[in-house]
Amino acid sequence: MNNSSTNASTTSTTSTTINGGISTPNTGLKNYFKTPEGRYNLHSEKSHPSTLLHFSHGKSVSQVTLANLKEKSASTTPTSSSGYSATSSVRSAAAKLLGTSNGGRALSFVGVNGANKVVAATTKTASIGNSSNGGSLPMANFDGKGLYIIFNVGDTLYIGDLNTQEKDPIKSINFANSNPVCHTFNPEANAKDGHDLLIGLNSGEVYTVSLRQQLQDIGKKLIGAQVYNKDGSINNSRCTSLAWVPQGNGAFVVAHADGNFYVYEKGKDATIDSSFSLIKDPTHFSVAHAKSNKSNPVARWHICQGSINRIAFSPDGTHLAVVGRDGFLRVYDYQKEQLLCGGKSYYGAILCCAWSMDGKYILTGGEDDLVQVWSMEDRKVIAWGEGHNSWVSGVAFDPYWSPPSSDSTGENVMYRFGSVGQDTQLLLWDFSMDELVVPLRRCPPGGSPTYSAGSQSSQWDSAVPSGTLQPAPCMRDVPKLSPLVAHRVYSEPLSDLIFTQHTILTACREGHVKVWMRPGSSESISTDSETLSSSTEKTPIPNCK
Amino acid sequence: MGAAGSKLEKALGDHFPEGERYFGLENFGNTCYCNSVLQALYFCVPFREKLLEYYEKNKNPADPEENLLTCLADLFTQISSQKKKTGVIAPKRFVQRVRKENELFRGYMHQDAHEFLNFLLNELVDILEKECSAAKDGSENSSEKVANGPRNGLANGVQKEPLVTWVHKNFQGILTNETKCLRCETVTARDETFLDLSLDIEQNSSITSCLKNFSSTETLNAEDKFFCDKCCSLQEAQKRMKIKKPPHILVIHLKRFKYIENLGRYKKLSYRVVFPLELKLTNTMEDADSEYSLFAVVVHVGTGPNHGHYVSLVKSHNHWLFFDDENVDMIDEAAVQTFFGSAQEYSSNSEHGYILFYERLSNETS
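Just so you know, these numbers come straight off a predicted model, no measurement behind them. Counting restarts for each chain: residues are numbered from 1 in the order of the written sequence. To read the labels, note that chains go from A and ligands from 1, taken in the order they are written. Owing to the predicted nature of the model, reporting of local features is limited to residues with pLDDT of at least 70; listing and counting of side-chain atom pairs is limited to 80 or more, with chain, interface and lining totals taken over all residues. Hydrogen atoms and water are omitted, and side-chain values are computed over all heavy atoms in the structure.

Caption draft 1: The overall build of chain A, seen in detail. If you tally the helices and strands in chain A, you get seven helices and 34 strands. Working definition: with a 1.4 Å probe on protein chains only, accessible area under 20% of the residue-type maximum means buried, over 50% means exposed, and in between means partly exposed. Across the 545 residues that make up chain A, the buried fraction comes to 60%. Strands are runs of DSSP state E lasting at least 2 residues, helices are runs of H or I lasting at least 4, and numbering of each runs from the N terminus.

This is the structure:
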């Protein structure tokens, strides 16, 4: 995949200019990679002061959240609004911004797909931000807008400015008692309190805060936070994944390491503890609702034994994908609180998942080193991506990529997706249903030999109380995909991946983020408003036909 | 000791598994290599059961000759029949026996746990085979041993089939070494049995990937050509290893001690190699992908090959336990991850998974 140059980092012209921000003691790491559409160059790195010890509460894996801060004042800009109309008006604003109807739809689930993946979704609405606040320290009257990244390292949450090439974070927030381990951002946040950032801790505690408010403060403490599950009073196991409910009016979902997730609603008194009935059978799925409708959380879903590793809402918010330690992907109808479908990994836990923009496919990755493509229509695994040499820790569809030959018939839909793994590699994949080589199917032992399309669709909308989970397929039965590109990103295992309009962000477990410029993008990811508007002419979700 | 025991009992509370014993093993001067392997084997339940069974059958033998097998059976029985649920046991007789049998383990030097495991299993096989042939020669009062005799019966008559002891039944698998001569394209297949797989490791890889590399095709050329019987000469060839028969207990040894030529000595590779709690062997010749579950890990602690410490992680009744000589503690399943290794060469973390024990899940067809 890489060209024939030497092991030493090849310094391209673009990167030399940036090298001030890039410390590369790692030899053998290239600062570009090539794809059929062109070359991705390393634009900048975001990191944290490595001299500090962050491990007062043990190590934790860095996750990255992308946040798109819009104009500050609710009344002065069309992109924000007040009260109930918040969501819809943001959506329409975004649709306007993106110039497509799809854009509105895309935006409506922004920031809701589970911790980070989702964040990828967030980005798609924003062209990479402006440079209004280039690398400066937080200011009391901070009114920046644009793209920021939030990442956790040890007991600290860092905020980096994606509008500049500045390596150091512009803000760090210390957590005294426990490590922050997951976070997600919701650009549609209710304007009333502006709480748009959700942070989950190792202790099980959850905080909501306003990102802007954090940037306005120069201290190292969380400002104006609302705490939920204080001292782990409802659940004291680790938070593993968070998601804002799409168009949920500030409702959010918090998954824990003990196989439960909780639904919280905004504005309900977090100090009144909810009591839930005991889980009668931990091997079975159950949903319990809070006895008091004033308390928070309002519901507890018991999913599985062992940890939930990631949750992600489908773009339209109707479905919720949950993956975990037991190796199952489970897809629920969120409103009906019912299992729709799901299946087992080849083996081992599933560590990450992400939806396609059209809600038709789910990617998962896990301890079998495979990237799994799950089809909602077929309700089964339709492809395995083989290429990682270790566990797959992050997956995401690329919502900005468009197939080279624009076959506008819409018959053959192509998708681009990416995955990162503990093998330190970023892999990019192209996938099209038509090009899958389906192995001759033997009768699966003990199962029905075929999936009949008829029965499938009839089952699809039926009110069957629970769906069924597929067993692990045999290696020989599943079509295989090979990666288009394999690029070694860091010397550390990778933990996260985000696609933005102009870049790909990769993060390693230790909290270093690399920003890769897409081919053809301008030299700087910081675009002013004019380039912003011009760039929005690009269809943001080409694969969504 | 008592305090530690009660702590574990307290931690397990009502969940303390019925009839199970968690005992630390006393260290007799650098015998942690032995202790860590013994714990892994003790919690290899099918192996333990066979050994306890063996002890019952041979409790009062006519000739009370002591060997490694009887010492091990003795030790396991001693542990399993303890009145207390937790505590410490001194495997004194067993360690003495090991030192008597093999001068390698006689000194008080740090030893390699994998070498020890290998020695122990092979020794047990030898003893069982000897007993079996002795039983066949003479008396008939030992029906158990006959039951463990050749699987294919004695149909072959004079031709002596290799014995399949219960050690084999637990640990033995068969590899097929396929070599294809690149000139005449003849494929030569040779079967080899194994009691464990020794895998080369790479930085930031997984066991899955190491197994894949193990079975990947290798070209024999230059200095390393293959003598083709058909061509009657040295030829370039392609070689690959396939698992023909997956074992019931899959023991994977990570080659963390590597001879570095320009240093003239062994070096420990602290590479991060992740191992899943469930694993499948894909490159087998059997139809179904056999699934395994991790139940024990022998961990090497330290930076070099000639010193350090061994501990073991063991899964028993869905709880993970940490055995460090005398000490036994409960650990979280998630803590197994801390023994994967280091992504960077220089790291404060020096506790690395070294030998992995997987048991084949019974619901798989075999």
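That was the structure; now back to the text.
Caption draft 2: Broad picture of the side chain of A:D358. Residue and element names in this part refer to chain A. With respect to the helices and strands, the residue D358 is situated in the loop between β22 (350-355) and β23 (361-366). Residues counted as positive are Lys and Arg, residues counted as negative are Asp and Glu, and His and the chain ends are not counted. A side-chain nitrogen of Lys or Arg and a carboxyl oxygen of Asp or Glu constitute a salt bridge if their distance falls within 4 Å. No salt bridge is formed by the buried D358; its nearest oppositely charged neighbour, K360, is found at 4.5 Å. Side-chain polar atoms of D358 contact the side chain of S356, separated by 2.5 Å. Side chain to side chain, D358 and Y415 meet in a polar contact 2.4 Å long. Within 3.5 Å is the distance limit for a polar contact, defined as a pair of N or O atoms, with the added protein rule that one can donate a hydrogen and the other accept it, and that residues adjacent in sequence qualify only through two side-chain atoms.

Caption draft 3: Local environment of the sheet that holds strand β3 (residues 64-69) of chain A. Residue and element names in this part refer to chain A. Two strands pair under a simple rule: DSSP has to find at least two bridges between them. Taken in spatial order, the four strands line up as β3-β4-β5-β6 in an open sheet, and their pairing is antiparallel. Looking at which strands have only one partner, the edges of the open sheet turn out to be β3 and β6 (171-174). Neighbour-to-neighbour, the strand axes of the sheet open up by a mean angle of 20°, direction not taken into account. In this structure, β3 lies alongside strand β4 (residues 146-153), joined through six bridges in antiparallel fashion. Looking at β4, one finds that L66 is bridged to I149. Angles run from 0 to 180 degrees between N-to-C directions of axes, and those axes are lines fitted to C-alpha atoms, restricted for helices to the stretch in contact.

Caption draft 4: Highlighting unusual backbone geometry. Residues and elements named next belong to chain A. Here the residue pair N296 and P297 is connected by a cis peptide bond, since its omega of -5° sits within 30 degrees of zero. On the secondary structure map, P297 appears in the loop between β16 (295-296) and β17 (299-302). We note that Q247 has phi near 50°; this positive angle belongs to a residue other than glycine. Judged by its relative accessible area of 38%, Q247 falls in the partly exposed class.

Caption draft 5: Structural view of the nonpolar core. Residues B:F47, B:F94, B:F116, B:F171 and B:F357 are the most contacted members of the largest nonpolar core, which totals 61 residues. Looking at which element gives the most residues to this core, the answer is helix α6 (residues 113-137) of chain B, with 10 residues. Note on contacts: a residue pair qualifies if any of its non-hydrogen atoms lie within 4.5 Å across the two residues. Aside from chain neighbours lying at most four places away, what touches B:F357 is B:A40, B:L41, B:L117, B:L250, B:V251, B:S293, B:L294, B:F295, B:A296 and B:V298. Think of a nonpolar core as a cluster: buried Ala, Val, Leu, Ile, Met, Phe, Trp, Tyr and Cys residues, connected wherever their side-chain atoms sit within 4.5 Å. Judged by nonpolar contacts, the second largest core, of 59 residues, contains A:M376, B:L281, B:V336 and B:F339.

Caption draft 6: Focus on the confidence of the model for chain B. Residues and elements named next belong to chain B. Known as pLDDT, the predictor's per-residue confidence is scaled from 0 to 100. Here chain B averages 87 in pLDDT, while 89% of its residues score no lower than 70. Between residues 140-159, whose pLDDT stays under 50, and residues either more than four places distant or in other chains, the model counts 25 contacts. Taken over the whole predicted complex, pTM reads 0.83, whereas the ipTM for its chain interfaces reads 0.89.

Caption draft 7: Region of the structure containing the interface of chain B and chain A. Contacts between chain B and chain A engage 22 residues on the former and 25 residues on the latter. Here the buried area means the combined drop in accessible surface, using a 1.4 Å probe, for two parts upon being joined, counting both sides. Together, the buried faces of chain B and chain A total about 1,900 Å²; carbon and sulfur atoms form 39% of this surface. The interface formed by chain B and chain A includes two salt bridges. A salt bridge links B:E278 to A:R325, with the nearest nitrogen and oxygen atoms 2.9 Å apart. Remark: the boundary between chain B and chain A carries 10 residue pairs in polar contact (both at pLDDT 80 or more). Contributions of two or more residues to the side of chain B that touches chain A are made by β6 (205-206), α9 (207-214) and β15 (278-281) of chain B. In this classification, the charged set is Asp, Glu, Lys and Arg, the nonpolar set is Ala, Val, Leu, Ile, Met, Phe, Trp, Tyr, Cys and Pro, and all remaining amino acids, among them Gly, are polar. In terms of residue class, the side of chain B that touches chain A is built from seven nonpolar, seven polar and eight charged.

Caption draft 8: Layout of the side chain of A:D333. All names here are of chain A. Take D333: it is sitting in strand β20 (residues 328-333). Buried charge without a salt bridge: D333, with K336 as the nearest opposite-charge side chain at an N-O distance of 4.1 Å. A polar contact is formed between the side chain of D333 and the backbone nitrogen of Q335, at a distance of 3.1 Å. Apart from residues no more than four positions distant in its own chain, D333 is found in contact with W301, T318, H319, Q338 and L340.

Caption draft 9: Local environment of the sheet that holds β22(A). Residue and element names in this part refer to chain A. Read across the open sheet, the five strands follow the order β22-β23-β24-β25-β30; overall the sheet is mixed. If you trace the sheet from one side to the other, it starts and ends with β22 and β30 (480-481), each paired once. Sheet topology note: the strand β25 (residues 380-386)/β30 ladder contains two bridges and is parallel. From the neighbouring strand, W384 faces β30, where its bridge partner is K480.

Caption draft 10: Here's a closer look at the pairing of strand β18 (residues 319-324) of chain B. All names here are of chain B. Counting buried residues along β18, five of its six residues qualify, which places the element largely inside the surrounding structure. In terms of strand pairing, strand β17 (residues 309-316) meets β18 through five bridges, oriented antiparallel. Paired with K315 across the two strands is W320, which belongs to β18. Adjacent in sequence and paired antiparallel, β17 and β18 are bridged by two residues, among which H317 carries a positive phi angle near 50°. Bridge count for β18 against strand β19 (residues 327-331) is five bridges, and the pairing is antiparallel. Bridging across to β19, F323 finds its partner in V328. Taken together, β18 and the strand that follows it, β19, pair antiparallel across an intervening segment of two residues, in which D325 is found at a positive phi of about 50°.

Caption draft 11: Summary view of the packing of aromatic side chains. Pairing of aromatic side chains requires ring centres within 6.5 Å, counting the rings of Phe and Tyr and the six-membered ring of Trp. Pairs whose planes differ by under 30 degrees are stacked, by over 60 edge-to-face, and all others tilted. For the coordinates displayed, the defined rule picks out 44 aromatic pairs over all chains. Between A:Y361 and A:F431, the aromatic rings sit 5.2 Å apart at their centres with planes inclined by 90°, giving edge-to-face as the arrangement. One end of the pair, A:Y361, is in strand β23; the other, A:F431, is in strand β28 (residues 425-432), and 70 residues separate them in sequence. Neither residue differs from the other here; A:Y361 and A:F431 are each classed as buried. Ring-over charges, as used throughout, are those where CZ of Arg or NZ of Lys falls within 6 Å of the ring centre and within 35 degrees of the ring normal. If you follow A:K514 out to its NZ or CZ, it ends over the ring of A:Y490, 4.4 Å from the centre. The cationic tip of B:R48 hangs over the ring face of B:Y42; the distance from NZ or CZ to the ring centre is 4.1 Å.

Caption draft 12: Layout of helix α5 (residues 92-101) of chain B. Residues of α5(B) that are buried include every one of B:F94, B:V95, B:R97, B:V98 and B:R99, and no others. Looking at the buried side of α5(B), the elements it contacts are α2 (32-42), α4 (68-80) and α6 of chain B.

Caption draft 13: Spotlight on the environment of A:Q214. Along the chain, the position of A:Q214 falls in helix α5 (residues 211-216). Residues contacting A:Q214, with those up to four places away along its chain left out, are A:I159, A:K171, A:I173, A:V209, A:K221, A:L222 and A:I223.

Caption draft 14: Spotlight on the state of the cysteines. Residues and elements named next belong to chain B. Disulfides are defined as cysteine sulfur pairs within 2.5 Å. Throughout the structure, instances matching the rule amount to zero disulfides over all chains. Here C32 is not disulfide-linked; the sulfur of C34 is the nearest cysteine sulfur, at 9.4 Å. Residue class for C32 comes out buried when judged on its relative accessible area of 2%.

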